[in-house]
Amino acid sequence: MDLTAPGAHGVRAAATPRTAARGMPTAMALLAGSVLGLVGLTWDVQWHTDVGPDTFFTLPHLFIYAGSALSGLAALVAVLGATAAARAGRPLDPTVGGASVGVFGRTFTAPVGYLISGVGAAVFLLYGMWDLWWHGVYGFDAVIDSPPHIGLLLSGIVTMVGTIMVFAAAAEHRWGRVGTDVSIALTAANVTITVLGLTDVGGPVDAVHTAMAWLVVILLLTAAGFRPTRGGAVIMAGWLAVIQAVTWWFSPWAAYAYADAVGLPVRDYINGVPVMPALMPMALIAVALLIEPILKAARAHGNRWLPVAAGAVAGALVAALQGIQDSIVYTYPTPGPGTLLPTAVAGALLGALAGHLGWRFGHMLRLVNRTRPEGN
Amino acid sequence: MRVRLRRQATLLATVAGLLLAATPVAQAYEPVNIVHTEKVQAGPYPITVGFSTWPLRAIQSLDFTFAPDGGIEGKSGTLTMTPATRSTESRKRPLVRHPRKLEVWGLDIRALEEQGDWTFRFRLDGPEGPGEGALTLTALEPPGPPMALNWSLSTLPLIGLVAFLAIAWRRTRAEVLAG
């Protein structure tokens, strides 16, 4: 991959209402792929928890793979369109998927957001094939933390990062800004399940909650850093709350409806908690509101340490509150200070790093098309 | 624009409808095929433990069935599955019906994660009072390639993403710092 812009058909900014309309359908298809994937994932997790048996060809799996295929096709269409335009000597609009890069020399010209999404989707299918082989060798044990499953989740996140970039590139349009916020929230919803791979890590610190705090705070600060005005963190947290509310209703309903349709009983002694939505931090809007004044000061003074402080505060709160959230949702005893305090400290340390990274990622997103969003 | 959006919505609705229509009403899930059994005595209750794969191998999942003599009606109990490497007994789980063989208790497609000996301890309660018994099982080495290789392959997207972000970080550094 050549990460320089193709010289012969240099990238030129040519944002017009017409090109904005042309960029929207592929961006929306990309986003629809992510939504389908999340729908399938929440459904699949609930299915395995509350009903059970697995084969490769279940309806939730169909949603997961259809989502990735849709994202991959959208990316392919965008890359082929950009390649054709570049070869014809037409100007490329960097608000459609971001600045373009040459792939395989100058064979293809790919808007960088679509390139990342497309690579994620292609790799996702490879991991899907590996998963099929894996289940043939190791059986259909429905665990989230098998190597192919982690590969699938990570490549799905790569696709979502590309989706964020595609919408960020169109930030001069309202749909671009809204799409960026929604894509970041969708990514946050997805990463919550990935951290379950750390369930078996022992010690006084809750590794799952700390890792979740780290990832969610990176995304929270990315949303905040991307938006030149205040409110980015709260808006992203709001979208995550919407996703949580919808999937809270949807995932158990879909699991039971599907079980009913295929004639399988619900397991004995299930608690009925929507598993994946219950992982998403419920207090994130409050946390976001708390750090907004710090971020406002960071914007006003250009201070690089204030986002670090905001990340530390958010990290400590998300990591500690997650244990309390679990205790309420699953009616466990509330964890004592012996667990909550070390977890909050670890959350603060990792949150500080997440604050630094996320704020920077947000500013990098503004440059994905090398132009500044003019809205707001 | 509005016509195009309506056309796209119609297309999406058609695709969704076709997907749902193509879903079989009743999918064929594999029946539980027991190829080996062991006996364990939990107090007054003899239990037949069935396995859909034998011998057991670490990480390789299979169906387990637990069938007390006289059936599960009127009986309840718990199961713990503890590897020899663990000093304390694992968490008690209620004995639940196997989702594809509802007349017995069981575990659907479950793997023993570690190679070595495992103790399955049953605590039952029923018409003849409480009873407890244990069965020791050995999980042989896992099939397939080494797990280190598997995990290395699984983290490639993460490595790729980090590498991409590092390159983007370097290339945008001057502009980001300039504000």
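All residue numbers refer to position in the chain's written sequence, counted from 1. In the order they appear in the text, chains get letters beginning with A and ligands get numbers beginning with 1. Residue-level local features of this predicted model are given only where pLDDT is at least 70; pairs of side-chain atoms are given and counted only at 80 or more, and the full residue set underlies all totals for whole chains, interfaces and linings. The basis for the side-chain values is all heavy atoms of the structure; hydrogens and waters are excluded.

### Here we look at the overall build of chain B
To be explicit about the condition: Secondary structure counts use DSSP, requiring at least four H or I residues in a row for a helix and at least two E residues in a row for a strand, with both numbered from the N terminus. A contact between two residues is defined here by any heavy atoms of the two lying within 4.5 Å. Areas reported as accessible are Shrake-Rupley estimates using a 1.4 Å probe. Residue values count occlusion only from the protein chains shown.
Counting secondary structure elements, chain B contains three helices and nine strands. Considering only contacts in chain B between residues 6 or more positions apart, those separated by 24 or more positions represent 57%. Carbon and sulfur atoms make up 59% of the accessible area of chain B, which totals about 10,400 Å².

### Overview of the UniProt feature "transmembrane region" (unreviewed entry) in chain B
Under the convention used in this document: UniProt positions are given in the numbering used here, feature names are shortened, and annotations may be inferred rather than shown by experiment.
Within this numbering scheme, the UniProt entry marks residues 148-169 of chain B as carrying the feature "transmembrane region" (unreviewed entry). The span residues 148-169 of chain B carries 95% helix and 0% strand; its end-to-end C-alpha distance comes to 30 Å.

### With respect to the pattern of salt bridges
We apply this condition: Here, a salt bridge means any side-chain nitrogen of Lys or Arg that lies within 4 Å of a carboxyl oxygen of Asp or Glu. Only protein chains enter the calculation, and the probe is 1.4 Å; a residue is then buried if its accessible area is under 20% of its type maximum, exposed if over 50%, and partly exposed in between.
Applying the stated criterion across every chain, the model contains ten salt bridges over all chains. Close ionic contact of R267(A) with D108(B) constitutes a salt bridge, the shortest N to O distance being 2.8 Å. Pair noted here: R267(A) is in the loop between α7 (232-262) and α8 (275-279) and D108(B) is in strand β7 (residues 101-110), and the two residues belong to different chains. A residue is classified by how much of its surface remains accessible, and R267(A), at 23% relative accessible area, is partly exposed. A salt bridge links R121(B) to E132(B); its shortest N-O distance comes to 3.2 Å. Remark: E132(B) occurs in strand β9 (residues 131-139) and R121(B) occurs in strand β8 (residues 116-125); sequence separation between them is eleven residues. In this structure R121(B) comes out as partly exposed when scored by relative accessible area, which is 27%. Ionic contacts of the salt-bridge type, sharing partners, join the residues E89(B), R121(B), R123(B) and E132(B) into one network.

### Thoughts on the sheet that holds strand β3 (residues 62-68) of chain B
Residues and elements named next belong to chain B. Where we set the bar: If DSSP finds at least two bridges between two strands, the strands pair.
Pairing is antiparallel across the open sheet formed by five strands, whose spatial order is β1-β2-β3-β7-β6. Each edge of the open sheet carries a strand with a single partner, namely β1 (36-42) and β6 (97-98). Bridge analysis of β1 against strand β2 (residues 45-51) gives seven bridges, and the strand direction is antiparallel. Note on β2: the bridge partner recorded for V40 is I47.

### So, the nonpolar core
Nonpolar side chains tend to gather and get buried jointly when the protein is soluble and globular. The cut-off we apply is this: Note on terminology: a nonpolar core comprises buried Ala, Val, Leu, Ile, Met, Phe, Trp, Tyr and Cys residues joined through side-chain atoms within 4.5 Å.
Counting 124 residues, the largest nonpolar core has Y114(A), L220(A), F66(B), F120(B) and F122(B) as the members making the most contacts within it. Counting residues per element, this core draws most heavily on helix α4 (residues 147-169) of chain A, at 14 residues. Apart from the residues lying within four places of it in its own chain, the contact partners of F66(B) are I47(B), T48(B), V49(B), L79(B), L95(B), V104(B), W105(B), G106(B), L107(B), F120(B) and F122(B). Within the second largest apolar cluster, twelve residues are counted, among which are W43(A), W47(A), F250(A) and A255(A).

### Examining the pairing of β7(B)
All names here are of chain B. Sheet analysis places β3 next to β7, joined by four bridges and oriented antiparallel. Residue pairing across strands places L62 opposite R110, the latter belonging to β7. Turn length for the β6-β7 hairpin, with the two strands adjacent in sequence and antiparallel, is two residues.

### Comments concerning the environment of L38(A)
Residues and elements named next belong to chain A. Along the polypeptide, L38 turns up in helix α1 (residues 17-50). Taking relative accessible area as the criterion, L38 reaches 4% and is therefore assigned buried. Residues L38 and F63, spaced 25 residues apart in sequence, show a C-alpha to C-alpha distance of 8.5 Å. Leaving out residues up to four positions away in the same chain, L38 has contacts with L186, A189, N190, I243 and M276.

### A closer look at the layout of surface pockets
Test applied: Residues are called lining when one of their atoms sits within 4 Å of a cavity or pocket point, these points coming from a 1 Å grid over the protein atoms alone, where a cavity is a set in which a 1.4 Å probe fits but cannot get out and a pocket is an open set with protein on both sides within 12 Å along at least five of seven lines. Grid points are joined across faces, edges and corners, and a volume is the space filled by probe spheres set on the points.
Approximately 1,400 Å³ is the volume attributed to the second largest pocket. Contributing elements (two or more residues each) for the lining of the second largest pocket: β1 (100-103), α4, α5 (174-194), α6 (207-226) and α11 (337-366) of chain A together with α3 (156-178) of chain B. A total of eleven residues in the lining of the second largest pocket trace back to one element, the largest contributor, which is α3(B).

### So, the packing of α6(A) against α7(A)
All names here are of chain A. Here is the rule we go by: Each axis is a line fitted through C-alpha atoms, taken for helices only over the stretch in contact, and angles between the N-to-C directions span 0 to 180 degrees. Roughly parallel means an angle under 35 degrees; roughly antiparallel, over 145; roughly perpendicular, 65 to 115; everything else is oblique. By definition, turning the near helix anticlockwise from the far helix through less than a right angle yields a left-handed crossing, and turning it clockwise yields a right-handed one. In this classification, the charged set is Asp, Glu, Lys and Arg, the nonpolar set is Ala, Val, Leu, Ile, Met, Phe, Trp, Tyr, Cys and Pro, and all remaining amino acids, among them Gly, are polar.
One way to put it is that α6 packs onto α7 with a least axis distance of 7 Å and a crossing angle of 130°. Here α7 runs oblique to α6, going by the angle between their axes. In this structure, the crossing between α6 and α7 has a hand that is right-handed. Across the interface between the two elements, L219, L220, A223 and A224 of α6 pack against G232, A233, M236 and A237 of α7. Of the residues that constitute the contact of α6 with α7, the class distribution is seven nonpolar, one polar and no charged.

### Examining the sheet that holds strand β5 (residues 93-94) of chain B
All names here are of chain B. Within the open sheet, the four strands sit side by side as β5-β4-β8-β9. Their pairing is antiparallel. Two strands in the sheet have a free side with no partner beyond their single neighbour: β5 and β9. Relative to β8, strand β4 (residues 76-83) runs antiparallel, the two sharing eight bridges. The residue bridging M81 from the neighbouring strand is F120, located in β8.

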